[in-house]
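What the coordinates show
What follows is each chain in one-letter form.
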Amino acid sequence: MIDVKDLRNDPDKYRRAADAKRIAVDVDRLLALDTELRDAVTRQQELTAEKNRIGKEIGQLAGRLKKASDDEKAQLQQQMQTLQQRPSAIKQQEQQLAERVDTLQRERDELLLAVPMAPDDHVPHGASEDDNVELRRWCPDWFDPDKPFRDNKGFTPLTHVELGEKLGLFDTARGVKMAGTRSYVLTGDGMLLHQAVLRLAFDTMIHEHGFTPVSVPVIVRDEMMFGTGFFPGERENTYEI
């Protein structure tokens, strides 16, 4: 989720981000809901402060009643009765405000989750991958990228599936039988290669970039998925328990 304070300060940045990423989100409606929510929360705080003030005033009046003359008691008792009636009205207002805050919070957060992070300034804008900008190209001196692979190497390359099955790196039939479509089982050197790549990435992040390794639960709460930006856009790619 984006920083709502940053959105308040610079809503145009997020309007541009939504436009650049082709995401339809009503930033103006989001800002209006955020304002309503903050006003409602402020009113809740004011009511709480008023209740606290009334409680103190009632206590002070009770202390004065003990020392008051007969003429003063009637007036003080009337003041106390008036103050004691106010908390009931405040409680009703608090209930209404709590419902209002809950509704506004859910609607605001739903919109807030749809607002994308602003892309880096150097990222080119475009409608599809065809608009990507090629930064550099590398190949061995003997390889001509303008010619087909077969002309360079003398044979037609295998797909990753054909190559993997030929070398015994994975077993797709067994994976589908075990878990369903798009599943596979890594076998032999395939499993070793997978672990080697993971370890390379792991060591690079820790020893070269200063990350601290942690082991986290495999099963997580919904709010963790929202907090990492995976939800709501990728919810269909997860399994719920």
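Residues numbered from 1 in each chain as written. Predicted model: local features only at pLDDT ≥ 70, side-chain atom pairs only at ≥ 80, totals over all residues. Heavy atoms only, no water.

**A look at the overall build of the protein**
When you go through the protein residue by residue, the secondary structure sums to nine helices and two strands. Counting from the amino terminus, the protein carries its helices and strands in the arrangement α-α-α-α-α-α-β-α-β-α-α. Against the 2.2 N^0.38 benchmark of 18 Å for 241 residues, the protein shows a C-alpha radius of gyration of 32 Å, more extended than a compact globule. The principal-axis extent of the C-alpha atoms belonging to the protein is close to 115 × 40 × 35 Å. Relative to its full complement of 241 residues, the protein shows a buried share of 19%. Sequence separation of 24 or more characterises 51% of the internal contacts of the protein that already satisfy a separation of 6 or more. Total accessible area on the protein is roughly 19000 Å²; 52% of this is exposed by carbon and sulfur atoms. (Helix = DSSP H or I, 4+ residues; strand = E, 2+ residues; numbered from the N terminus. Rg over C-alpha atoms; globule rule 2.2 N^0.38 Å. Buried < 20%, exposed > 50% of the residue type's maximum accessible area, 1.4 Å probe, protein only. Contact = heavy atoms within 4.5 Å. Areas by Shrake-Rupley, 256 points an atom, 1.4 Å probe, with all protein chains shown as cover.)

**Thoughts on unusual backbone geometry**
The step from F231 to P232 runs through a cis peptide bond, and the omega angle for that step is 5 degrees. With respect to the helices and strands, P232 occurs in the segment after α9 (222-227). Phi angles above zero are rare outside glycine, and R22 is one such case at about 60 degrees. Locating R22 in the fold gives a position in the loop between α2 (11-20) and α3 (27-67).

**Here's the deal with a nonpolar patch on the surface**
On the surface, L158, L163 and L167 cluster together into a nonpolar patch covering about 270 Å² of accessible area. Positionally, L167 belongs in the loop between α6 (160-166) and β1 (170-171). (Patch = residues over 30% accessible without salt bridge, like charges linked within 9 Å, V, L, I, M, F, W, Y side chains within 5 Å. Salt bridge = Lys/Arg side-chain N within 4 Å of Asp/Glu carboxyl O.)

**Topic: the pattern of salt bridges**
For the structure shown, the criterion picks out 19 salt bridges. Among the salt bridges present, the one from R86 reaches E50, with a minimum N-O distance of 2.7 Å. In this pair, R86 is assigned in helix α4 (residues 70-114) and E50 in helix α3, connecting sequence segments 36 residues apart. When the shortest N-O distance is used, the salt bridge between E134 and R137 registers 3.2 Å. Summarising the burial analysis for this pair, E134 and R137 share the class exposed. Overlapping salt bridges, with partners in common, bring together R8, D34, R38, R108 and D109 in one network.

**Digging into α2**
Every buried residue belonging to α2 is among P11, Y14, A17, A18 and A20, and all of these are buried. Buried positions along α2 lie against α1 (4-9) and α3. Within two residues after α2, R22 carries a phi angle of roughly 60 degrees, on the positive side.

**Examining the packing of aromatic side chains**
What the rule picks out here adds up to five aromatic pairs. Seen in terms of ring centroids, W142 and F143 are 5.7 Å apart; in terms of plane orientation they differ by 70 degrees. Their pairing is edge-to-face. Ring geometry for F230 against F231: centres 6.4 Å apart, planes inclined by 35 degrees, an arrangement best described as tilted. F230 sits in the partly exposed class, given a relative accessible area of 33%. Accessibility expressed as a relative area gives 6% for F231, which makes it buried. Through pairs of rings, three or more aromatic residues link up here, namely W142, F143, F149 and F155. (Phe/Tyr/Trp six-rings, centres within 6.5 Å; stacked < 30°, edge-to-face > 60°.)

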